[in-house]
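The primary structure of each chain is shown beneath.
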Amino acid sequence: MDRIRIVGGQRLNGTIPISGAKNAALPLMIASLLTDETLTLENVPRLRDVQQLFHILSNHGVDHSIEGKRNGQDGMTGQTVHLSARAIVDTTAPYELVSTMRASFWVIGPLLARMGEARVSLPGGCAIGTRPVDFFIEGLKGLGAEIDIDAGYVVARARKGMQGGRVVLPKVSVGATHTLLMAATLARGETVIENAAREPEIVDLARCLMAMGARIEGAGTSTIHVEGVSRLGGARHRVLPDRIETGTYAMAVATVGGDVLLEGASADLIEAPLALLAGAGVGVERTNSGVRITRNGHGLAPVDVTTAPFPGFPTDLQAQLMAMTTRADGVSHITETIFENRFMHVQELARLGARITLDGQRATIEGGAKLKGAPVMATDLRASVSLVIAGLAAEGETTINRVYHLDRGFERLEDKLGRCGAEIERISG
Ligand code: UD1
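Residues numbered from 1 in each chain as written. Predicted model: local features only at pLDDT ≥ 70, side-chain atom pairs only at ≥ 80, totals over all residues. Heavy atoms only, no water.

### As for the overall build of the chain
Inference 1: Scanning the chain for helices and strands turns up 14 helices and 24 strands.
Inference 2: Seen through its C-alpha atoms, the chain measures out along the principal axes to roughly 65 × 50 × 40 Å.
Inference 3: In the chain, buried positions account for 57% of the 429 residues.
Inference 4: Across the chain, the fraction of contacts at a sequence separation of at least 24, relative to all contacts at a separation of at least 6, is 74%.
Inference 5: Summed over its atoms, the accessible surface of the chain is roughly 16,200 Å², and 46% of this surface lies on carbon and sulfur atoms. (Helix = DSSP H or I, 4+ residues; strand = E, 2+ residues; numbered from the N terminus. Buried < 20%, exposed > 50% of the residue type's maximum accessible area, 1.4 Å probe, protein only. Contact = heavy atoms within 4.5 Å. Areas by Shrake-Rupley, 256 points an atom, 1.4 Å probe, with all protein chains shown as cover.)

So this is what it looks like as structure tokens:
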């Protein structure tokens, strides 16, 4: 199994290209199930989760091809992918394929909408809480589906097709919003999704669906209206930049100091984290080509943050922020409200010398700790990158085991950081 070795203490200087958003690319790829025409997606990141989704989609009958590199493109340029679901050959998403990635459960929406049936294994994914699927089930029932749970599978049927309806989500859920949105595009009549997630990735999916012929209003607000259509066609769509990758590298620079242009990043997608960094004394500048982050010689003020659905501070940046606050001049507090078990990085950060105490969902981080390199274990996707940040700040050598978590969501992380002066390498095997 691959490991990442870091020798800490270097500042970061240079340019980091920001990839297409994993959390947008996944639902966009799934949307290809809704049409027998070709959906072309540009700026798709090269990630393990994307590869895994190709497998899952091909099991349903989706052909995919990836365009070769063009002149002027390098390995950091996102890929262009053509997805074509001319015929759905199988409406079952089996356990072996679904268990490693929760987002693959979302195929249930388009399969039901197009084929009137779906049998999808209950999901797996990061071990960051129970993450049930009750909102999906209730929501799809609200759109006319009959649903049973059988031997670890959700078995859904809509013999006469999906029927528009009003769904109120009990709590904001990104995945349930994506899934219901996709299902509603081909339902008969109007669907209203209330308490919908407002994440930029929802807006990106809605834009793509509209380019495919869907009629959607209100994506990006808490009430989304969908007027069902009888069929959708092909489209070409560019995946938006990854705001979590942007925030991660911004926090890395804030932690170790330096001057880095996050090329292709969109500050509009990540206002809350950038405002927080600016408030802590980090230089944040919007430029024509992205966002420039600087910290040269200035201290880092402590923060008090609570995670929240968009436009609040994202749970997906909580672990990275915690690594950063170990270097702050004072005591910081971070409260996690989205997932109940998302503090597994705390123990690993402590192995590097961080001083963190937990009280339920609230972490208190004593800044100014002197971090020292050590072997650590990646536990989930975002937690593992927080260990990278802490390793960059620690004195001496840090080895991060179970790097496959990182490969799920961070494209060429060691290259991107290495180009900016970090001493970081992947050790294979
Ligand atoms: C998505 C993101 C993930 C991010 C999360 C919250 C992708 C691929 N993943 O995950 O990176 O951390 O949003 O921003 O986009 N819940 C239920 N019942 C349900 C569905 C959800 O109780 O049926 C709960 C979850 O346990 C959690 C909360 O709702 O406490 C929000 O989860 P949700 O927004 O659905 O997360 P995901 O879509 O899985």
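### Focus: the pattern of salt bridges
Inference 1: Across all of its chains, the model carries 26 salt bridges by this definition.
Inference 2: Among the salt bridges present, the one from K22 reaches D49, with a minimum N-O distance of 3.5 Å. Here D49 lies in helix α2 (residues 48–60) and K22 lies in helix α1 (residues 22–30), a separation of 27 residues in the sequence. The same class applies to K22 as to D49, namely buried.
Inference 3: Between R231 and D36 there is a salt bridge; the shortest N-O distance is 3.1 Å. With R231 in the loop between β13 (223–227) and β14 (235–238) and D36 in the loop between α1 and β3 (38–44), this residue pair connects regions lying 195 residues apart in the sequence. (Salt bridge = Lys/Arg side-chain N within 4 Å of Asp/Glu carboxyl O.)

### Digging into the sheet that holds strand β9 (residues 153–157)
Each strand in a sheet pairs with another by means of backbone hydrogen bonds, the pair being arranged parallel or else antiparallel.
Inference 1: Read across the sheet, 4 strands follow the order β6-β7-β9-β8 without closing on themselves; strand pairing throughout is mixed. Each edge of the open sheet carries a strand with a single partner, namely β6 (92–93) and β8 (146–150).
Inference 2: Bridge count between β6 and strand β7 (residues 117–121): 2 bridges; the pairing is parallel. Looking across to β7, one finds that T92 is bridged to R119.
Inference 3: Here helix α4 (residues 108–115) sits on the sheet and contacts β7 and β9; the angle it forms with β7, its principal contact strand, is near 160°. (Pairing = 2+ DSSP bridges. Axes fitted to C-alpha atoms, helices over the stretch in contact; angles between N-to-C directions.)

### A word on the packing of helix α6 (residues 174–185) against helix α7 (residues 200–211)
Inference 1: Viewed as axis vectors pointing N to C, α6 and α7 meet at an angle of 15°, and their least axial separation amounts to 10 Å. Relative to α7, α6 is oriented roughly parallel. When the axes of α6 and α7 are compared, the crossing they make is right-handed. For the pair α6 and α7, contact is made by V174, T177, H178, L181, M182 and T185 and by E201, I202, L205, A206 and L209, respectively.
Inference 2: Residue composition of the contact of α6 with α7, grouped by class: 7 nonpolar, 3 polar and 1 charged. (Parallel < 35°, antiparallel > 145°, perpendicular 65-115°, else oblique. Left-handed = near helix turned anticlockwise from the far one by under 90°. Nonpolar A, V, L, I, M, F, W, Y, C, P; charged D, E, K, R; others polar.)

### Digging into the sheet that holds strand β4 (residues 63–66)
Inference 1: The sheet built from 4 strands is open, its strands ordered β4-β5-β3-β14 with mixed pairing. Both edges of this open sheet fall to β4 and β14, since each of them pairs with a single strand only. For this sheet, the mean inter-axis angle between neighbouring strands, taken without regard to orientation, is 20°.
Inference 2: Summarising the sheet, β3 and strand β5 (residues 79–84) pair through 5 bridges and their orientation is antiparallel. Bridging from a neighbouring strand, L41 pairs with V81 of β5.
Inference 3: Most of the contacts of α1 go to β3, to which it runs at about 170°, and overall it touches β3, β5 and β14.

### Side note on the domain arrangement of the chain
Inference 1: As far as domains go, the chain holds domain 1 (3–19 + 241–427) and domain 2 (22–238).
Inference 2: A straight line from the C-alpha centre of domain 1 to that of domain 2 covers 30 Å.
Inference 3: Contacts between the two partners involve 28 residues from domain 1 and, on the opposite side, 25 residues from domain 2.
Inference 4: When the two sides are added together, the surface that domain 1 and domain 2 hide from each other amounts to roughly 2,300 Å², 53% of it contributed by carbon and sulfur. (Domains from an automatic or database assignment. Buried area = accessible area lost by both parts, 1.4 Å probe.)

### Examining the pairing of β8
Inference 1: Here β8 runs beside β9; their pairing, made up of 5 bridges, is antiparallel. Bridging from a neighbouring strand, E146 pairs with R157 of β9.
Inference 2: In sequence, β8 turns back onto β9 through a hairpin of 2 residues, with A151 there showing a positive phi of about 50°.

### Concerning the site of the ligand
Inference 1: Around the ligand, a shell composed of 19 residues is seen, among which D134, S173, V174, D316 and I338 lie nearest.
Inference 2: The separation between an oxygen atom of the ligand and a polar side-chain atom of N23 is 3.1 Å.
Inference 3: Interatomic distance of 3.5 Å between a side-chain N/O atom of R342 and an oxygen atom of the ligand.
Inference 4: Across the complex, the protein chains shield 91% of the 750 Å² of accessible surface that the ligand would expose by itself.
Inference 5: Looking at the shell around the ligand, the elements with two or more residues in it are α5 (134–142) and α6.
Inference 6: The leading source of residues in the shell around the ligand is α5, at 3 residues.
Inference 7: Looking at the shell around the ligand, its residues break down into 9 nonpolar, 4 polar and 6 charged. (Near = heavy atom within 4 Å. Polar contact = N/O pair within 3.5 Å; in protein donor to acceptor, adjacent residues only side chain to side chain.)

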